[in-house]
Amino acid sequence: MVRGKPELHEGRGRDLSIGGMFIETSTPAPFNSDLDIMVVLPGAAETSTLPARVRWERDGGMGVQFGLLGARETHLIAKLARPK
C-alpha cells in the first residue's frame, strides 16, 4: 500500500532480491511513491511489512527498492534469493 493512503492493492512479487523486486499489479503506484509491502515470506509464521520506494513503473507492474529491512526479513529474502 502507498504509505499514508488507506487503499490496499494486490500484486505478485517477482525477481526478489535483498535490494528489491518487481511487483506484477494492475495498479502500479507512481514513480517515487513510498510503499509498505505486506507479505508472508516463506519460512515466516507471520506477515512482514517491507518498506520500499517505486523506482520504475510500466504496464503490468513496478520495480521497487527496499528500505531498511529487519534481520528476520533480510535472512528470509537472502535464503530465497540464493541460487539453488
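What you see as residue numbers is a count from 1 along each chain, following the sequence as written. In keeping with the predicted nature of the model, local features appear solely for residues at pLDDT of at least 70, side-chain atom pairs appear and are counted solely at 80 or more, and the whole-chain, interface and lining totals rest on all residues. Only hydrogens and water are set aside; all other atoms, that is, all heavy atoms of the structure, feed into the side-chain values.

Participant: Residue-level account of the sheet that holds strand β2 (residues 20-24), with values.
Facilitator: Should DSSP find at least two bridges between two strands, the strands are regarded as paired. Runs of E in the DSSP output that reach at least two residues are strands. Runs of H or I that reach at least four are helices, and both are numbered from the N terminus. Pairing is antiparallel across the open sheet formed by five strands, whose spatial order is β1-β2-β5-β4-β3. Sheet topology places β1 (12-14) and β3 (34-39) at the edges, where each strand pairs with a single neighbour. Neighbour-to-neighbour, the strand axes of this sheet turn through a mean angle of 45°, independent of strand direction. Where β1 lies against β2, three bridges are found, and the strand directions are antiparallel. Bridging across to β2, Gly13 finds its partner in Ile23. Convention adopted: a line fitted to C-alpha atoms gives each axis, helices being fitted over their contacting stretch, and angles between N-to-C directions are expressed from 0 to 180 degrees.

Participant: Give a detailed account of the packing of aromatic side chains, specifying residues and quantitative values.
Facilitator: Only Phe, Tyr and Trp rings take part, Trp by its six-membered ring, and two of them pair if their centres are within 6.5 Å. Stacked means planes under 30 degrees apart, edge-to-face means over 60, and tilted covers everything else. Throughout the structure, instances matching the rule amount to one aromatic pair. Considering the side-chain rings of Phe22 and Trp56, the 5.5 Å spacing of their centres and the 15° angle between planes classify their relative orientation as stacked. Taken as a pair, Phe22 in strand β2 and Trp56 in strand β4 (residues 48-58) lie far apart in primary sequence, 34 residues in all. For the exposure calls, accessible area comes from a 1.4 Å probe over protein chains only, and a residue counts as buried if that area is under 20% of its type's maximum, exposed if over 50%, partly exposed in between. Relative accessible area serves as the criterion here: at 9%, Phe22 is assigned to the buried category.

Participant: Can you tell me about the side chain of Thr25, naming the residues and giving the values?
Facilitator: With respect to the element layout, Thr25 can be found in the loop between β2 and β3. By relative accessible area, Thr25 is classed as buried at 9%. Any pair of nitrogen or oxygen atoms within 3.5 Å is treated as a polar contact; in protein, a donor-acceptor pairing is required on top of that, and neighbouring residues in sequence qualify only through side-chain atoms on both sides. For Thr25, the side chain forms a polar contact with the main-chain oxygen of Glu10, separated by 2.9 Å.

Participant: Explain helix α1 (residues 71-81) to me, using residue names and the numbers behind them.
Facilitator: Buried within α1 are the following residues: Glu73, Leu76 and Ile77. Down the axis of α1, the sector holding all buried residues measures 95°, keeping them to one side. In the core, the buried residues of α1 are packed alongside β4 and β5 (61-66). The directions from the helix axis to the C-beta atoms form the arc being described. Contact definition: two residues touch when any of their heavy atoms are within 4.5 Å.

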